[in-house]
Amino acid sequence: MDAIVLLREDHKTVEKLFKQFEKAGEDAYDEKRKLVDQMIEELTAHAYIEEEIFYPAARAAAPDTVDHVLESVEEHHVVVWMLSELKNMDPRDERFDAKVTVLMENVRHHVEEEENEWFPEVRKAMGRNKLQELCDEMVKAKGRAPSEPLAVSSARQ
Ligand SMILES: [Fe+2]
Ligand SMILES: [Fe+2]
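Residues numbered from 1 in each chain as written. Chains lettered and ligands numbered in written order. Predicted model: local features only at pLDDT ≥ 70, side-chain atom pairs only at ≥ 80, totals over all residues. Heavy atoms only, no water.

Colleague: Teacher, can you tell me more about the coordination of the iron ion (ligand 1) here?
Modeller: Angles at a metal have ideal values that depend on geometry: 109.5 degrees with four tetrahedral donors, 90 or 180 degrees with six octahedral donors. Protein coordination at the iron ion (ligand 1) comes from Glu50 (OE), Tyr55 (OH), His76 (NE2), His110 (NE2) and Glu114 (OE), with a distance range of 2.1 to 2.3 Å. The sequence pattern formed by the donor residues of the iron ion (ligand 1) is E-x4-Y-x20-H-x33-H-x3-E. Separating the iron ion (ligand 1) from the iron ion (ligand 2) is a gap of 3.3 Å, bridged by Glu50, which donates to each. Linking Tyr55 in helix α2 (residues 29-61) with His110 in helix α4 (residues 96-126), this pair joins segments that are 55 residues apart in sequence. Across the pair, exposure class does not vary: Tyr55 and His110 are buried alike. (Donors = N, O, S within 2.8 Å, 3.2 Å for Na, K, Ca; no water. Helix = DSSP H or I, 4+ residues; strand = E, 2+ residues; numbered from the N terminus. Buried < 20%, exposed > 50% of the residue type's maximum accessible area, 1.4 Å probe, protein only.)

Here's what the structure looks like:
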């Protein structure tokens, strides 16, 4: 296990929730509420460990990728605000599905860029030992991750 493998696992978990949401019936309100609550929990913890640990370490190890890091934080900013809106939105609200759809588009785009463009560069710059060390730190940080999306630092940036 290393830091990048851990982050990819999180991405997969979230993608599974997205697929389940897309399969849920139009009026499966309870199921959709439950899935969105899980998305909020997973994505908040994931954004937290990336912002607290992985992003700063990657920026230090691969300074050439700073533009990517800064764009990623902006994307997190949008995502955590959308999560905080969804937290308080009734799944019967006519805007609920639309908001989840745009959330999923944003996250999929973000994940694709992380995995395809950025992680390979970070892996090269960091090396195996550092990635394993970061993984341990991130697992610990997950245990203290907030459940409130707006408690993630990108919400205030
Ligand atoms: Fe991210
Ligand atoms: Fe990520």
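Colleague: How should empty space enclosed by the protein be read in this particular structure?
Modeller: With the rule as written, the count across this model stands at one cavity of 30 Å³ or more. Taken as a whole, the largest cavity spans an internal volume of roughly 110 Å³. As for the largest cavity, its lining consists of His11, Leu43, His46, Ala47, His76, Val79, Val80, Leu83, Val107, His110, Val111 and Glu114. Sorting the residues of the lining of the largest cavity by element identifies α2, α3 (66-87) and α4 as the ones contributing at least two each. A per-class count over the lining of the largest cavity returns seven nonpolar, four polar and one charged. (1 Å grid on protein atoms, 1.4 Å probe; cavity = no way out; pocket = protein on both sides within 12 Å on 5 of 7 lines; lining within 4 Å. Points joined across faces, edges and corners; volume = space filled by probe spheres on them. Nonpolar A, V, L, I, M, F, W, Y, C, P; charged D, E, K, R; others polar.)

Colleague: Please clarify how the environment of Ser154 should be interpreted in this entry.
Modeller: Relative to the helices and strands, Ser154 resides in the segment after α5 (128-143). For the pair formed by Ser154 and Val80, sequence separation is 74 residues and the distance between their alpha carbons is 7.9 Å. Here Ser154 is in contact with Glu51, Val73, His76, His77 and Val80, once residues within four sequence places are set aside. (Contact = heavy atoms within 4.5 Å.)

Colleague: What is the right way to read the coordination of the iron ion (ligand 2) from this model?
Modeller: Listed as protein donors to the iron ion (ligand 2) are His11 (NE2), His46 (NE2), Glu50 (OE) and Glu114 (OE); their distances from the metal cover 2.2 Å. For the iron ion (ligand 2), the four donor atoms in the first shell make angles of 83 to 171° at the metal, a pattern classed as irregular. (Tetrahedral: all angles 85-135°; square planar, octahedral: opposite > 155°, others 65-115°.)

Colleague: What's the story with the pattern of salt bridges in this structure? I'm lost.
Modeller: Under the counting rule described, the total for this entry stands at twelve salt bridges. Asp2 serves as the salt-bridge partner of Arg123, at 3.0 Å between the closest nitrogen and oxygen. One end of the pair, Arg123, is in helix α4; the other, Asp2, is in the segment before α1 (3-23), and 121 residues separate them in sequence. Its relative accessible area of 36% is what places Arg123 among the partly exposed residues. (Salt bridge = Lys/Arg side-chain N within 4 Å of Asp/Glu carboxyl O.)

Colleague: Would you mind showing me how to read the nonpolar core here?
Modeller: The nonpolar side chains of a soluble globular protein tend to be buried, and buried together. Counting 26 residues, the largest nonpolar core has Ala3, Ile49, Phe54, Trp118, Met126, Leu134 and Met138 as its most contacted members. Looking at this core, the elements with two or more residues in it are α1, α2, α3, α4 and α5. Looking at this core, the element that brings in the most residues is α2, giving eight residues. Discounting chain neighbours no more than four positions away, the residues touching Phe54 are Ala3, Ile4, Leu7, Ile49, Trp118, Phe119, Val122, Leu131, Leu134 and Met138. (Core = buried A, V, L, I, M, F, W, Y, C linked by side-chain atoms within 4.5 Å.)

Colleague: Before we go on, may I ask you to explain the packing of α1 against α5 in this structure?
Modeller: Put simply, α1 and α5 touch, their axes get as near as 7 Å, and they point 45° apart. Overall, the two elements α1 and α5 adopt an arrangement that is oblique. Across the interface between the two elements, Ala3, Ile4, Leu6, Leu7 and Asp10 from α1 touch Leu131, Leu134, Cys135, Met138, Val139 and Lys142 from α5. (Axes fitted to C-alpha atoms, helices over the stretch in contact; angles between N-to-C directions. Parallel < 35°, antiparallel > 145°, perpendicular 65-115°, else oblique.)

Colleague: Looking at this structure, I do not really get the layout of surface pockets. What am I missing?
Modeller: In this model, the largest pocket occupies a volume close to 190 Å³. Along its surface, the largest pocket is lined by Glu51, Tyr55, Pro56, Arg59, Val69, Leu70, Val73, Glu74, Ser153 and Gln157. The set of elements that each furnish at least two residues to the lining of the largest pocket consists of α2 and α3.

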